[in-house]
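Understanding the architecture of this molecule
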Amino acid sequence: MTEGLFITLEGIEGAGKTTCMDHLRSLLEQAGIAFLETREPGGTQLGEELRQLLLGHKHTGMSHDAELLMMFASRAEHLQQKILPALDTGQWVLCDRFTDATYAYQGGGRGIAFSRIQVLEDWVQNGLKPDLTLLLDLPVELGLERAGKRSAPDRFESEAMEFFDRVRQAYLELSRKEPERIRIIDASQNLEAVLAQISSVVKPYLQSSIR
Ligand code: Z5A
């Protein structure tokens, strides 16, 4: 049994990850590939409870370090319980956000040094990284406008425009460092054009999985 492929979706608020996840799911189903669909923070019972603490407004003033550590606590559980077992049995994993979000939000957004985040990444992931990351990039104003049409904002969504600007810049910096893994999708385009970009990036991986 070969190892599965680990694909993550990233982007600022309102980038369209949920919509693109639907598209990825149908591409994999059409190709007959078994996969696990999951998200962060969350993906396990403990992770989902941490997600409520992280996104809810009960602990609005939590420290940046507590926030960072809870992201990695959720991730450690997620890797052990779900992601690694799926990859080990040859399933693909589609994950809505992963560690690039930590560099972008806790690093870029909150101002925690990348080097400190890297210590936790090395500890929890032991070298594991996604095989492919689709970074849905768009201007912050457009993302917030799209997201604004939805329900009440969570603790992150309540941040100011400058916060999301820093998050976006951090994502772009990550993709400059790892251009092969982190592929930029122009999410400012209409939905049809965005989904076409995703298909063209993912199709070579689908073809190489057909033996
Ligand atoms: N977080 C963190 O800080 N550190 C970490 O390590 C991790 C996460 C893992 C939860 O994430 C929060 O956790 C997140 C970062 C933090 N906070 N924020 N912000 P989440 O992924 O669950 O929450 P989210 O970013 O708010 O994602 P979302 O609500 O799922 O939004 P989305 O998936 O990107 O957008 P969407 O729902 O697909 O699209 C938004 C709207 O735009 C919707 O009405 C669509 O129909 C529309 N749309 C989408 N694409 C288009 C195009 N191309 N044209 C026109 N309209 C479109």
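Coordinates for the structure precede this section.
Below, the structure is looked at part by part. Remember, predicted model here, so these are calculated numbers, not experimental data.

A look at the packing of aromatic side chains
The full count for this structure, using the stated rule, is six aromatic pairs. With a centroid separation of 6.4 Å and an interplanar angle of 85°, the aromatic rings of Y105 and Y171 are classed as edge-to-face. Here Y171 lies in helix α7 (residues 161-177) and Y105 lies in helix α4 (residues 99-109), a separation of 66 residues in the sequence. Here Y105 matches Y171 in class, with each residue buried. An aromatic cluster is built from Y105, F156, F163, F164 and Y171, whose rings are joined through pairwise contacts. Over the ring of F156 we find R155; its NZ or CZ atom is 5.0 Å from the centre of that ring.

Details of the nonpolar core
Ranked by size, the top nonpolar core spans 52 residues in total, and within it Y105, L134, L136, Y171, I198 and V202 carry the most contacts. Residue contributions to this core peak at seven residues, all from α7. In contact with L134, other than residues within four places in its own chain, are I7, T8, L9, E10, L24, R183, I185, I198, V201 and V202. The next biggest cluster of nonpolar side chains, apart from the first, holds nine residues, and it includes L36, L79, L87 and V93.

Remarks on the packing of helix α3 (residues 64-88) against helix α5 (residues 114-125)
Running from N to C, α3 and α5 point in directions that differ by 20°, and their axes come no closer than 10 Å. Regarding the angle of α3 to α5, the classification is roughly parallel. Along this stretch, α3 crosses α5, giving a crossing that reads as right-handed. When α3 is examined against α5, the residues D65, L68, L69, F72, R75, A76 and L79 are found in contact with a partner set consisting of R116, I117, L120, E121, V124 and Q125. Residues belonging to the contact of α3 with α5 are distributed by class as follows: eight nonpolar, one polar and four charged.

Here we look at unusual backbone geometry
P41 follows E40 through a cis peptide bond whose omega is -10°. Within the secondary structure, P41 is located in the loop between β2 (35-39) and α2 (45-55). Phi is positive for R97, close to 75°, though the residue is something other than glycine. Relative to the elements of secondary structure, R97 occurs in the loop between β3 (92-96) and α4.

Overview of the packing of α2 against α3
Close contact between α2 and α3 brings their axes to 9 Å; oriented N to C, the two are set at 160°. Judged on the interaxial angle alone, α3 and α2 are roughly antiparallel. As for how α2 packs across α3, the hand of that crossing is left-handed. Touching L46, G47, L50, L53 and L54 of α2 are E67, M70, M71, A73, S74 and E77, all from α3.

What counts and what doesn't
Residues numbered from 1 in each chain as written. Predicted model: local features only at pLDDT ≥ 70, side-chain atom pairs only at ≥ 80, totals over all residues. Heavy atoms only, no water. Phe/Tyr/Trp six-rings, centres within 6.5 Å; stacked < 30°, edge-to-face > 60°. Helix = DSSP H or I, 4+ residues; strand = E, 2+ residues; numbered from the N terminus. Buried < 20%, exposed > 50% of the residue type's maximum accessible area, 1.4 Å probe, protein only. Lys NZ or Arg CZ within 6 Å of the ring centre and 35° of its normal. Core = buried A, V, L, I, M, F, W, Y, C linked by side-chain atoms within 4.5 Å. Contact = heavy atoms within 4.5 Å. Axes fitted to C-alpha atoms, helices over the stretch in contact; angles between N-to-C directions. Parallel < 35°, antiparallel > 145°, perpendicular 65-115°, else oblique. Left-handed = near helix turned anticlockwise from the far one by under 90°. Nonpolar A, V, L, I, M, F, W, Y, C, P; charged D, E, K, R; others polar.

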